[in-house]
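These are the residues of each chain, in order.
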Amino acid sequence: MKLLDVRSITMQFGGLKAVDSLSFHIKKGELMGLIGPNGAGKTTVFNMLTGVYKPTLGEIHFNGQAIQGRKPFEISRLGMTRTFQNIRLFKEISVLENVMIGATQHQKYSMLDAALITADYSQAEKALREKSLELLSIFGLESKAYDEAGSLPYGEQRELEIVRALGTQPQLICLDEPAAGMNHQETHSLMETIAKIRKDFNLTVLLIEHDMKLVMGICERIVVLDHGVKIEEGTPSVIQNSPKVIEAYLGVEEVH
Amino acid sequence: MQDFLQHLLNGISLGSIYALIALGYTMVYGILQLINFAHSDVYMVGAFAAYYVASLVGLQDSPGFSTLLVLLAASMVACSLLALAIERLAYRPLRKAPKLNILITAIGVSLFLQYFGQAVFGAEPKKFPAVLENKVLVSVAGVDVKTFDIAVLFITVVMMLVLNFIIFKTKLGKAMRAVSTNMKVASMMGVNTDRIIAFTFIVGSSLAGVGSVLVGMKYPSIDPLMGTLFGLKAFVAAVLGGIGSIPGAVLGGIIMGLSEEMVVAYLSSTYRDALAFGILIVILVFKPSGLLGKSQIEKV
């Protein structure tokens, strides 16, 4: 079953086509990679998927529903979430609350309940707090739950972004370069964690990544973008041997 | 000494009202980076709403606890509805426009409300209904503690506690803080930002509504331009405390009220209004981010 179905979307900024009639789909439970050289349009694709940009042309279907042009919060509530290439946590807010914010959309109590401090309200807040702490424990961040998010070291901020996204109870999580700036060791443990959360939360994952080792290691299928156009799609071994991909990354060999 | 304590009490009482109004400025600024110049006129409309509701239900001259509650409710509801309408009709269409456009719109809305008030309510001052009887409740060390002071302090403290609860203990509060840190990202984490912004306006204006009744109680003459100077001072209080900072607005309000009272008591009432602008100039020169505000370092 196709969880996400992207049908020839185009994003035009003035005279520049950042993404040009791109089509791909992700099956439920799949781990797909989206790769391409710098400026290929990968993050623009994420921005269209999550409602930051409205595609100039084309349709995006999520769970059989057309979502192009919907507001970001509506798309998030449908079950698609993301992390950011450049970390965008709520820096002045505690680590725990960063996670809780994503989950507030699923809290059912009314403001009247809160005003009267009813049992519904107290239980909902308590349950959310516990659940968020549990999510934090995936990365061992629960001991820092009450620190300001901005005070965490870089690697942990990246991990917190993933936890915060999990807080929204997604079906599809779009990870925008989760390993950026991480060393070999950290990247390796991140790979394992991504595999684990995918299994534990029954997630579908779309991954943008520069680290080829990470992409080839965990992705089942890969789409390669260059200058906003899809140049190749297939399993890691197909991608590694594709002349078009090698050309896009390394340039054409000059023949003398 | 006795005089000083009396002035101290009056100052804190006045300052609490400034704080209530300042909170509205600071909350909207925190979330939209907009100085909502119309806030002071929303406060004015709140006072008139209380005035008209009082004459409608015949409470002009029957001071008491129930009158206080009715007037507070009337003013808070009127202010909330007005602020919602302003946000919806004037500010929301400009959400994606440059900040300056929305700032100028705020000034426009402010002027509109002032002249609308003069046209509809009439320009001559009106007598605000008697809210409570101002009796001396206790005398401590020669200082008269009167009903008004206790009422103002009590209501302000309750409002602060409620505000604190909303912001730190409810999902709306969490969402508000998220939106004020990063609106776009909050939206992508499932927060309906338009709703949260509307809610922020409701909370801020309700506080202004409370402030307007308290001012009407202490200085029972209201007119359509009453918001201008009072609002400006509350705005200075918000800047003094650090605009965008909620404890800052409270601190700024109290300092503002105290210093105004002290200047009137020990220098001359001529300087009453000059003081506010003096404070504004000093704070902008020496600590533009305010007492509790975070100074932002712009990355290049």
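Residues numbered from 1 in each chain as written. Chains lettered and ligands numbered in written order. Predicted model: local features only at pLDDT ≥ 70, side-chain atom pairs only at ≥ 80, totals over all residues. Heavy atoms only, no water.

Colleague: Even after reading the chapter, I still don't get the overall build of chain B, so can you show me in this structure?
Modeller: Helices and strands together make up the secondary structure of chain B, namely eleven helices and four strands. For chain B, the C-alpha radius of gyration of 19 Å lies close to 19 Å, the compact-globule estimate for 300 residues. Across its three principal directions, the C-alpha atoms of chain B cover 60 × 45 × 35 Å. Across the 300 residues in chain B, those meeting the buried criterion constitute 54%. Of the accessible surface of chain B, which amounts to about 13300 Å², a share of 69% is contributed by carbon and sulfur atoms. Averaging the locations of the 21 positively and 14 negatively charged side chains of chain B gives two centres separated by 16 Å. (Helix = DSSP H or I, 4+ residues; strand = E, 2+ residues; numbered from the N terminus. Rg over C-alpha atoms; globule rule 2.2 N^0.38 Å. Buried < 20%, exposed > 50% of the residue type's maximum accessible area, 1.4 Å probe, protein only. Areas by Shrake-Rupley, 256 points an atom, 1.4 Å probe, with all protein chains shown as cover. Lys, Arg positive; Asp, Glu negative; His and termini not counted. Charge placed at Lys NZ, Arg CZ, Asp CG, Glu CD.)

Colleague: Any chance you could explain the packing of aromatic side chains here in plain terms?
Modeller: How two aromatic rings sit relative to each other is given by the distance of their centres and the angle of their planes. Applying the stated criterion across every chain yields a total of 14 aromatic pairs over all chains. An aromatic cluster of at least three residues, connected via ring pairs, comprises Phe 48, Tyr 51, Tyr 52, Phe 112, Phe 116 and Phe 121 of chain B. Directly above the aromatic system of Phe 90 of chain A lies the positively charged group of Arg 164 of chain A, at a separation of 4.9 Å from the ring centroid. (Phe/Tyr/Trp six-rings, centres within 6.5 Å; stacked < 30°, edge-to-face > 60°. Lys NZ or Arg CZ within 6 Å of the ring centre and 35° of its normal.)

Colleague: Would you mind going over the interface of chain A and chain B with me for this structure?
Modeller: Accessible area lost when the parts come together is the quantity often used to give the size of an interface. The partner chain B presents 23 residues to the 33 residues of chain A that form the contact. Three residues stand out in chain A for area buried against chain B, namely Phe 73, Phe 90 and Met 111 of chain A, and they jointly supply 23% of the buried area on that side. Here Arg 177 of chain B makes a salt bridge to Glu 97 of chain A, at a shortest N to O gap of 2.8 Å. The tally of links from chain A across to chain B stands at six residue pairs in polar contact (both at pLDDT 80 or more). Sorting the residues of the side of chain A that touches chain B by element identifies α2 (72-78), β6 (80-82), α3 (95-103), α4 (111-116), α5 (119-137) and α6 (154-167) of chain A as the ones contributing at least two each. For the side of chain A that touches chain B, the per-class residue count stands at 15 nonpolar, eight polar and ten charged. (Contact = heavy atoms within 4.5 Å. Buried area = accessible area lost by both parts, 1.4 Å probe. Salt bridge = Lys/Arg side-chain N within 4 Å of Asp/Glu carboxyl O. Polar contact = N/O pair within 3.5 Å; in protein donor to acceptor, adjacent residues only side chain to side chain. Nonpolar A, V, L, I, M, F, W, Y, C, P; charged D, E, K, R; others polar.)

Colleague: Hey, could you run me through the sheet that holds strand β2 (residues 16-27) of chain A in this one?
Modeller: Either a parallel or an antiparallel arrangement is found when strands of a sheet pair, and the pairing is made through backbone hydrogen bonds. Residue and element names in this part refer to chain A. Read from one edge to the other, the open sheet built from four strands follows the order β2-β1-β4-β5, with strand pairing classed as antiparallel. Single-partner strands in this sheet number two, and they are β2 and β5 (65-66). Inspection of the sheet shows strand β4 (residues 57-62) paired to β5 by two bridges, in the antiparallel sense. Counted as the bridge partner of Phe 62 is Gln 65 from β5. Helix-sheet contacts for helix α1 (residues 42-49) involve β1 (2-13), β2 and β4, and the interaxial angle to β1 is about 115 degrees. (Pairing = 2+ DSSP bridges. Axes fitted to C-alpha atoms, helices over the stretch in contact; angles between N-to-C directions.)

Colleague: Hey, could you run me through the packing of helix α9 (residues 226-241) of chain B against helix α11 (residues 272-286) of chain B in this one?
Modeller: When two helices pack together, their arrangement is given by the angle between the helix axes and by the axis-to-axis distance. All names here are of chain B. In the contact formed by α9 and α11, the axes pass within 10 Å of each other and the chain directions differ by 30 degrees. If you check the angle between α9 and α11, you find them roughly parallel. Handedness of the crossing formed by α9 with α11: left-handed. Contacts between α9 and α11 involve Leu 229, Leu 232, Lys 233, Val 236, Val 239 and Leu 240 on the former and, on the latter, Arg 272, Asp 273, Ala 276, Phe 277, Ile 279, Leu 280, Ile 283 and Leu 284. In terms of residue class, the contact of α9 with α11 is made up of eleven nonpolar, no polar and three charged. (Parallel < 35°, antiparallel > 145°, perpendicular 65-115°, else oblique. Left-handed = near helix turned anticlockwise from the far one by under 90°.)

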